[in-house]
Amino acid sequence: MPKSGNTHDVIVVGGGASGMMAACISAEQGKRVLLIEKNAELGKKLAISGGGRCNILNAEEDVHALLANYGEAAPFLYSAFAEFGVQEATAFFNRIGVPIVVEARKRAFPVSQRAVFVVEALENYLRELGVEVRTNTAIARIKTEGSRITAIVAQGFEFSADTYIFATGGVSHPETGSTGDGFDWLSELGHTVTAPTPTIVPLAVKEKWVHTLKGTTLTDAKITFYLDGERKLNKRGDILLTHFGISGPTILNAAGTVADLLYEGVVTATIDMFPTKDIGILDKELVALFDSNKNKLLRNTLPQLVPSSMVETLLGLVPDISPDTKVHSVTKEERRVLIDLFKGLPISISGLMGMSRAVVADGGVALTEIDMRTMRSKKVENLFVTGDLLDITRPSGGYSLQLCWTTGYLAGKNA
């Protein structure tokens, strides 16, 4: 028989972004709050978000434009974002000592540019509010009676409260503890849960030359995806070449659509490294470059046009052109071959990189089963659900964390 733990007003299960927010807001209202986390520390996934910089929110203040990024979930979110949206989240973080700076495409980051700084600020605020935090505490069982949760069993203890908030996250980055436990509990409690699949995730490619260029970024490039040779989708922005394929915001935000295409057939892609320049303009620039470097080798001249790390690899894709050719010897036809490569670098998509590399995975509890004004379950009267446990698809760019702050706030306020 489990030993009885202290009785609390609110128990929050999951110490990630939405869980910490929910615990803070409940405690602000004078509630006795227990925050349970199975990892050794809070905010493990938050600490690596945004490449370690933490894309804390998206600063789009037009709520219609903002919610358009949440797809079919948008109609469910208007009341939630009206109560706690971008401005309210920004004010909250300013209040706890995390000033925010807005960068390109309205992506917002902490001024410190450090995700761990955000985690530390939230932890400090939890301590200031007197929230009891139990880390290294894995949930063994959820006890219920009728349509209510009566207790949570963990580490041989039984913890009870008036209300419970599930904020365990989804299944992306399982190494951070996001292993889908909350989905299992919600299913057992009678909720409809859609199985998760990675939606914001890097893409694996077949070409070995891509792997050799890991760490190279193509700035403001355009990628076009083809299904069995037919053009289906194009995206423009920064593309990161990695040891397994391609990544970066542009690729992450295309992954959901590419996943659907992969079910239908062979997916290939071309990368246009100069989307703002047509072939004629690019040829004139290349002629001018060669004219001013007449006696230099091709391998030593092209770095003025393309990333230096790519020169040898690109020239390796056109074996008829030697890297040691002097630029004054490059023919018009050879120039055109190079330009065609710059404008249409071909790759073959072999798959998605899976949950271990996913930034966000879709799936989760059906929104029709949650009161989205409060985050209260419609099936379990003293349960609230937040963040990645909700079936909401969104792109990268701050939208995921903003969803965590908004749903965490509402759950914490209403629990």
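Below is a short write-up of the structure. Model, not experiment: these values are computed from the prediction.

Positionally, Thr-137 belongs in the loop between β6 (132-134) and β7 (139-145). A relative accessible area of 6% means that Thr-137 is categorised as buried. Separated by 2.9 Å, the side chain of Thr-137 and the backbone oxygen of Thr-135 make a polar contact. For Thr-137, the residues in contact, after removing those within four places along its chain, are Ile-36, Glu-37, Lys-38, Ala-154 and Gln-155.

Before going further, it helps to examine unusual backbone geometry. A positive phi angle is found at Gln-155, which is not glycine, with a value near 55 degrees. By the element assignment, Gln-155 lies in the loop between β8 (148-154) and β9 (157-166). The partly exposed category is assigned to Gln-155, whose relative accessible area is 48%. A positive phi is found at Asp-220, a non-glycine position, where the angle reads about 50 degrees. The exposure class assigned to Asp-220 is partly exposed, which follows from its relative accessible area of 30%.

Attention now goes to the sheet that holds strand β12 (residues 203-205). Around the barrel, 6 strands lie side by side as β12-β15-β14-β13-β16-β17; this closed barrel has antiparallel pairing. Taken pair by pair, the neighbouring strands of this sheet meet at an average axis angle of 45 degrees, ignoring direction. Inspection of the sheet shows strand β13 (residues 217-227) paired to strand β14 (residues 230-241) by 9 bridges, in the antiparallel sense. For Thr-217, the partnering residue across the bridge sits in β14 and is Leu-240.

What follows is about the nonpolar core. Of all hydrophobic cores here, the largest spans 83 residues; its most connected members are Ile-56, Phe-92, Phe-93, Phe-166 and Trp-405. Counting residues in hydrophobic clusters, the runner-up holds 48 residues, among them Val-205, Phe-290, Ile-339 and Ile-347.

Turning to helix α10 (residues 279-291), a few remarks are in order. Taking 1.5 Å per residue, 13 residues should reach 18 Å; α10 reaches 18 Å between its end C-alpha atoms and fits that length. What α10 keeps buried is the set Leu-282, Leu-286, Leu-289 and Phe-290. Seen end-on, α10 carries its buried residues on one side only, within an arc spanning 95 degrees. Taken together, the buried residues of α10 touch α11 (298-301) and α13 (332-343). With a side-chain oxygen positioned 3.2 Å from the backbone nitrogen of Gly-280, the residue opening α10 is Asp-278.

Let's shift gears to the packing of aromatic side chains. For the coordinates displayed, the defined rule picks out 9 aromatic pairs. When the centroid spacing of 6.1 Å and the interplanar angle of 90 degrees are considered together, the rings of Tyr-70 and Tyr-399 count as edge-to-face. Here the residue Tyr-70 occupies a position in the loop between α2 (63-67) and α3 (74-83), and Tyr-399 occupies one in helix α14 (residues 399-414), the gap between them amounting to 329 residues. One aromatic cluster is present, built from ring pairs that chain together Phe-92, Phe-93, Tyr-125 and Trp-405. Just above the ring of Phe-109 sits the side chain of Arg-53; from NZ or CZ to the centre is 3.8 Å.

What follows concerns the pattern of salt bridges. Within this structure, the stated rule accounts for 18 salt bridges. Measuring nitrogen to oxygen at the nearest pair gives 3.0 Å for the salt bridge that ties Asp-9 to Arg-32. Within this pair, whereas Asp-9 is found in strand β1 (residues 3-13), its partner Arg-32 is found in the loop between α1 (17-28) and β2 (33-36), the two being separated by 23 residues in sequence. The partner of Asp-340 in a salt bridge is Arg-336, and the shortest N-O contact between them spans 2.9 Å. Taken together, the positions of Asp-340 and Arg-336, both in helix α13 and 4 residues apart, correspond to about one turn of that helix. On the accessibility criterion, Asp-340 (36% relative accessible area) is partly exposed. Residues participating in the shared-partner salt-bridge network are Arg-299, Glu-312 and Asp-324.

Rules of the game
Residues numbered from 1 in each chain as written. Predicted model: local features only at pLDDT ≥ 70, side-chain atom pairs only at ≥ 80, totals over all residues. Heavy atoms only, no water. Helix = DSSP H or I, 4+ residues; strand = E, 2+ residues; numbered from the N terminus. Buried < 20%, exposed > 50% of the residue type's maximum accessible area, 1.4 Å probe, protein only. Polar contact = N/O pair within 3.5 Å; in protein donor to acceptor, adjacent residues only side chain to side chain. Contact = heavy atoms within 4.5 Å. Pairing = 2+ DSSP bridges. Axes fitted to C-alpha atoms, helices over the stretch in contact; angles between N-to-C directions. Core = buried A, V, L, I, M, F, W, Y, C linked by side-chain atoms within 4.5 Å. Expected span 1.5 Å × (residues − 1). Arc of directions from axis to C-beta. Phe/Tyr/Trp six-rings, centres within 6.5 Å; stacked < 30°, edge-to-face > 60°. Lys NZ or Arg CZ within 6 Å of the ring centre and 35° of its normal. Salt bridge = Lys/Arg side-chain N within 4 Å of Asp/Glu carboxyl O.

Shape is all these values report; function is a separate question.
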